[in-house]
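The lines below spell out each chain.
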Amino acid sequence: MQPDPAAAVHEAPAAALDQLGLLAGALAKAQGEFPAIPKEKTAHIKSDKANYTYRYAELGAILSACRPALSKHALAITQIITNGNLITWLLHEAGGRLESVIPIPTFNLPQALGSWLTYMRRYTVSALLGVAAEDDDDGAAAQDHQVPEQRRERPTPTRPTDPTPTEARDALCPCRP
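These figures come from a predicted structure and were not determined experimentally.

Asker: Run through the sheet that holds strand β4 (residues 75-82), naming residues and quoting values.
Answerer: In space, the three strands of this open sheet follow the order β4-β5-β6, with antiparallel pairing throughout. Here the strands that pair on one side only, and so sit at the sheet edges, are β4 and β6 (97-103). For this sheet, the mean angle separating the axes of adjacent strands, direction not counted, is 15°. Of the pairings in the sheet, the one linking strand β5 (residues 85-92) to β6 comprises seven bridges and is antiparallel in character. Looking at the pairing, T88 lines up with S100 of β6. Docked against the sheet, helix α2 (residues 59-72) engages β4 and β5, running at close to 135° with respect to β4. Relative to the sheet, helix α3 (residues 110-129) contacts β4, β5 and β6, its axis offset from that of β5 by approximately 30°.

This is the structure we're talking about:
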């Protein structure tokens, strides 16, 4: 006897929800085991508008910190470039998947593309895993049990008009030359 195709259609969403539930449960367990990820690299940005620095965690540091817990809970994260998109998948052995798809803009220089890809890979991995790197004070807070000074937030500049597409792209990726 042939299976009823209509029955398969109604079963698929429940199976997909089960897979997503298993993925979510495994991710929650893994997140509880992720260590703190220090920001160990410093970027120096120079432009005609302003010069500033910021600290960040490299993609390799984020992946190295998270992979043991991901593996323990049957999760994997992978990234591919296809059809003009950067695709990041968080996969579970039961078949569940979370996905991020980012269209890749056009760049004049391959170095700019590489910089943008590295930046976006780091942020999509962090977003899918629910992790954020933290500032590393190199042990200063432990010296004499001092409390670290609170960082002041930079004021958000206001713009009289919406940014142009180029300004929006540059704001998204300050690492462009």
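Asker: How would you explain the pairing of strand β2 (residues 41-46) if you had to name every residue and give the values?
Answerer: One ladder, built from six bridges, connects β2 with strand β3 (residues 51-56); its direction is antiparallel. Of the residues in β3, the one forming a bridge with T42 is R55. Taken together, β2 and the strand that follows it, β3, pair antiparallel across an intervening segment of four residues.

Asker: Break down the confidence of the model for the chain for me, with residues and values.
Answerer: Fine structural detail should not be taken from predicted coordinates in areas where pLDDT scores are low. Within the chain, residue pLDDT values average 80, and 69% of them lie at 70 or more. Of the regions scoring below 50 in pLDDT, residues 5-10 engages in zero contacts with residues more than four places distant in sequence or in other chains. Note on residues 137-150: pLDDT is under 50 here. Beyond four places in sequence and across chains, it has three contacts.

Asker: Provide a residue-level description of the packing of aromatic side chains, including the pertinent values.
Answerer: Within the structure shown, the criterion is met by four aromatic pairs. With 6.1 Å between their ring centres and 50° between their planes, F107 and W116 make a pair best called tilted. Judged on exposure class, the residue F107 and its partner W116 are both buried. Counting every residue linked through ring pairs, the aromatic cluster contains Y52, Y54 and Y56.

Asker: Explain the pattern of salt bridges to me, using residue names and the numbers behind them.
Answerer: As enumerated under the stated definition, the model contains two salt bridges in all. Residue E33 is joined to K72 by a salt bridge in which the shortest nitrogen-to-oxygen separation is 3.3 Å. With E33 in helix α1 (residues 5-33) and K72 in helix α2, the pair connects residues that are 39 residues apart, well separated along the chain. When its relative accessible area of 59% is taken as the criterion, K72 is described as exposed. The residue R97 makes a salt bridge to E99 at a minimum N-O spacing of 3.5 Å. Given the relative accessible area of 47%, R97 is considered partly exposed.

Asker: A description of the nonpolar core should follow, citing residues and the corresponding values.
Answerer: Within the largest apolar cluster, 21 residues are counted, with the highest numbers of intra-cluster contacts made by F34, C66, L70, L75, I77, L90 and L129. Within the residue set of this core, elements represented by two or more residues are α1, α2, β4 and α3. Core analysis: the next-biggest nonpolar cluster, separate from the first, contains eight residues, L86, I102, W116 and Y119 among them.

Asker: I'd like to hear about the environment of I87, residue by residue, with values.
Answerer: Within the fold, I87 resides in strand β5. Judged by its relative accessible area of 11%, I87 falls in the buried class. When the C-alpha atoms of I87 and I102 are compared, they prove to be 6.4 Å apart, with 15 residues separating the residues in sequence. In this structure, I87 is in contact with T78, Q79, I80, T82, E99, S100 and V101, ignoring residues within four places of it in sequence.

Asker: Lay out unusual backbone geometry with the relevant residues and their values.
Answerer: Unusually for a residue other than glycine, A74 sits at a positive phi of about 60°. Here A74 shows up in the loop between α2 and β4. In this structure A74 comes out as partly exposed when scored by relative accessible area, which is 23%. Although it is not a glycine, N83 adopts a positive phi angle of roughly 50°. Along the chain, N83 falls in the loop between β4 and β5.

Definitions and limits used
- Residues numbered from 1 in each chain as written.
- Predicted model: local features only at pLDDT ≥ 70, side-chain atom pairs only at ≥ 80, totals over all residues.
- Heavy atoms only, no water.
- Pairing = 2+ DSSP bridges.
- Helix = DSSP H or I, 4+ residues; strand = E, 2+ residues; numbered from the N terminus.
- Axes fitted to C-alpha atoms, helices over the stretch in contact; angles between N-to-C directions.
- Contact = heavy atoms within 4.5 Å.
- pLDDT = per-residue confidence, 0-100.
- Phe/Tyr/Trp six-rings, centres within 6.5 Å; stacked < 30°, edge-to-face > 60°.
- Buried < 20%, exposed > 50% of the residue type's maximum accessible area, 1.4 Å probe, protein only.
- Salt bridge = Lys/Arg side-chain N within 4 Å of Asp/Glu carboxyl O.
- Core = buried A, V, L, I, M, F, W, Y, C linked by side-chain atoms within 4.5 Å.

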